[in-house]
Amino acid sequence: MKLRPMTDVDWLAVADLICVSTNYWYQMNRGFPIFANGPESVRLFCEVYEALDPGCCVLAEDENTGMLMGSCFYHPRPTHVSLGIMNVHPNYFGRGVARALLTHITDFSEADNKPVRLVSSAMNLDSFSLYTKAGFVPRQAFQDMMIDVPDRGLDFDVVGKERVREAELEDVTAIVALEKFVSGIDRTKDFEYLIQNKAGIWHTSVYEGLGGRIDGVLVSVNHPGSNMLGPGVMRSDESVLPLILAELNANIGRSPVFLVPVDSPVVRALYAWGARNCEVHFAQIRGSFQAFNGVVMPTFMPETG
Ligand SMILES: CC(C)(COP(=O)(O)OP(=O)(O)OC[C@H]1O[C@@H](n2cnc3c(N)ncnc32)[C@H](O)[C@@H]1OP(=O)(O)O)[C@@H](O)C(=O)NCCC(=O)NCCS
């Protein structure tokens, strides 16, 4: 196999690969496809990731046939490298394609002396083993939860909901400082991109604590290729429910998925709101790691870990 960077002309083929690979795995192992809206909607990953990190998708190609065997996105940041969606075409499962793509990215991050962070499914031993064999360590488990938001929205009595407002670009410095405190990572460009919202698919709320300090942030995406809340970072549990409520209400008529730490006290309230579990994920980190100093709600795009 030959590894090379993705270019614009590869987008359709990569969207197709992500769709067929992920849907095949979920259909075989869980009995349902994850990307129900087909490869057109999955182009979203190429659009968002190329806007954020042009040239940071590595492809594996069959040297004899030119067929696309696998793809993986990565996101270099000042403090770390995030690994985005990793896919191998089902025809090539078990032949070392994912290992080759992963090694390319871990070599890249080692050259820069940075840890690599990702979110991997606890229900997918193929990817769990791929990562843990390469030195990744699961640091936090998350429940993936899902809530149906009716067209009239959700109206729960939540302490602190009046402290939530829509995020503005001027909040980015405070958001970045909050995430640096909670997770030790810096992703300024992600938050700038999400709040600028040129694609018109993102919504971001912040929670103002005492004295107007930004104590929490939560983003959501509303697109046929993704329907999730996250990324989110909160100084304490206090702002988690108000932010989740605000972002659910930014997605009326949909059923967003979001990840909350398995040990979070908000889980009980979320069940009372009608939340259902749909998967379990781990934040996995290869290299140095600072224990979380608050609450994180990762997502798969942009990937946090
Ligand atoms: C997960 C996925 C990327 C793996 O791709 P792959 O090319 O088949 O994986 P590889 O052949 O490179 O094997 C990966 C490693 O995991 C190891 N492995 C797999 N199952 C294992 C198990 N149960 N225990 C221990 N090791 C295991 C393999 O031996 C190999 O290790 P090695 O390189 O040290 O020999 C592929 O199944 C896929 O695309 N799935 C659908 C999409 C998906 O789940 N993506 C991951 C989301 S983050």
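Please read all numbers here as calculations on a predicted model, not as lab measurements.

## So, the overall build of the protein
Argument step 1. Across its full length, the protein carries 8 helices and 13 strands.
Argument step 2. Against the globule reference of 19 Å for 305 residues, the protein gives a C-alpha radius of gyration of 19 Å, in line with a compact fold.
Argument step 3. C-alpha atoms of the protein, sized along the principal axes, occupy 60 × 40 × 35 Å.
Argument step 4. Restricting to contacts in the protein with at least 6 residues of sequence separation, those with at least 24 account for 72%.

## Quick look at unusual backbone geometry
Argument step 1. A cis amide bond, omega 5 degrees, links Gly 230 with the succeeding residue Pro 231.
Argument step 2. Among the secondary structure elements, Pro 231 is positioned in strand β10 (residues 226–234).
Argument step 3. Residues Met 301 and Pro 302 are joined by a peptide bond in cis, for which omega reads -10 degrees.
Argument step 4. Tracing the chain through its elements places Pro 302 in the segment after β13 (295–297).
Argument step 5. The backbone phi angle of Asn 113 is positive, close to 60 degrees, even though this residue is not glycine.
Argument step 6. As for its placement among the helices and strands, Asn 113 is situated in the loop between α3 (97–111) and β5 (116–121).
Argument step 7. Taking the C-beta count within 10 Å as the criterion, Asn 113 has 8 such neighbours and is therefore assigned exposed.

## Here's the deal with the pairing of strand β6 (residues 137–146)
Argument step 1. Bridge count for β6 against strand β12 (residues 276–286) is 9 bridges, and the pairing is antiparallel. Directly across from Val 137, in β12, lies its bridge partner Ile 285.

## Looking at the domain arrangement of the protein
Argument step 1. Taken domain by domain, the protein consists of domain 1 (2–114) and domain 2 (143–297).
Argument step 2. With centres defined by C-alpha atoms, the gap from domain 1 to domain 2 works out at 26 Å.
Argument step 3. With 13 residues of domain 1 at the contact, the number on the domain 2 side is 13 residues.
Argument step 4. In terms of residue class, the side of domain 1 that touches domain 2 is made up of 6 nonpolar, 5 polar and 2 charged.

## Thoughts on the site of the ligand
Argument step 1. Close to the ligand lie 21 residues; Trp 25, Ala 98, Arg 99, Ser 127 and Ser 129 are nearest.
Argument step 2. Secondary-structure elements contributing two or more residues to the shell around the ligand are α1 (11–30), β4 (81–88), α3 and α4 (125–133).
Argument step 3. When residues in the shell around the ligand are grouped by element, the largest group, 6 residues, is from α4.
Argument step 4. Here the shell around the ligand is composed, by residue class, of 8 nonpolar, 9 polar and 4 charged.

## Examining the packing of α1 against helix α2 (residues 38–52)
Argument step 1. Where α1 meets α2, the axes come as close as 8 Å, and the angle between the chain directions of the two elements is 110 degrees. Classed by the angle they form, the pair α1 and α2 counts as roughly perpendicular. Seen from α1, the contacting residues are Trp 11, Val 14, Ala 15, Asp 16, Ile 18 and Cys 19; seen from α2, they are Gly 38, Pro 39, Val 42, Arg 43, Phe 45 and Cys 46.
Argument step 2. Broken down by class, the residue content of the contact of α1 with α2 amounts to 9 nonpolar, 1 polar and 2 charged.

Parameters and conventions
Residue numbering note: each chain is counted from 1, following its sequence as written. The predicted nature of this model means local features are confined to residues of pLDDT at least 70 and side-chain atom pairs, given and counted, to a pLDDT of 80 or more, with totals for whole chains, interfaces and linings taken over all residues. A helix here means a DSSP run of H or I that spans at least four residues, while a strand means a run of E at least two residues long, and both kinds are numbered starting from the N terminus. Here the globule rule is a power law, 2.2 Å times the number of residues to the power 0.38, and the radius of gyration is based on C-alpha atoms. Residues are scored as being in contact if the C-beta atoms we place from backbone atoms lie within 7 Å. Here a residue counts as buried when 20 or more other C-beta atoms fall within 10 Å of its C-beta, as exposed when 12 or fewer do, and as partly exposed in between; the C-beta atoms come from the backbone. Strand pairing is assigned whenever DSSP identifies at least 2 bridges connecting the two strands. These domain limits were set by an automatic method or by a database of domain assignments. Each residue gets one of three labels, nonpolar for Ala, Val, Leu, Ile, Met, Phe, Trp, Tyr, Cys and Pro, charged for Asp, Glu, Lys and Arg, and polar for the others, Gly among them. Defining nearness, a residue is near a molecule or strand when the C-beta atom obtained from its backbone falls within 6 Å of it. Lines fitted to C-alpha atoms define the axes here, with helix axes fitted over just the stretch in contact, and angles between the N-to-C directions of these axes take values from 0 to 180 degrees. If an angle is under 35 degrees, it is roughly parallel; if it is over 145, roughly antiparallel; if it lies from 65 to 115, roughly perpendicular; otherwise it is oblique.

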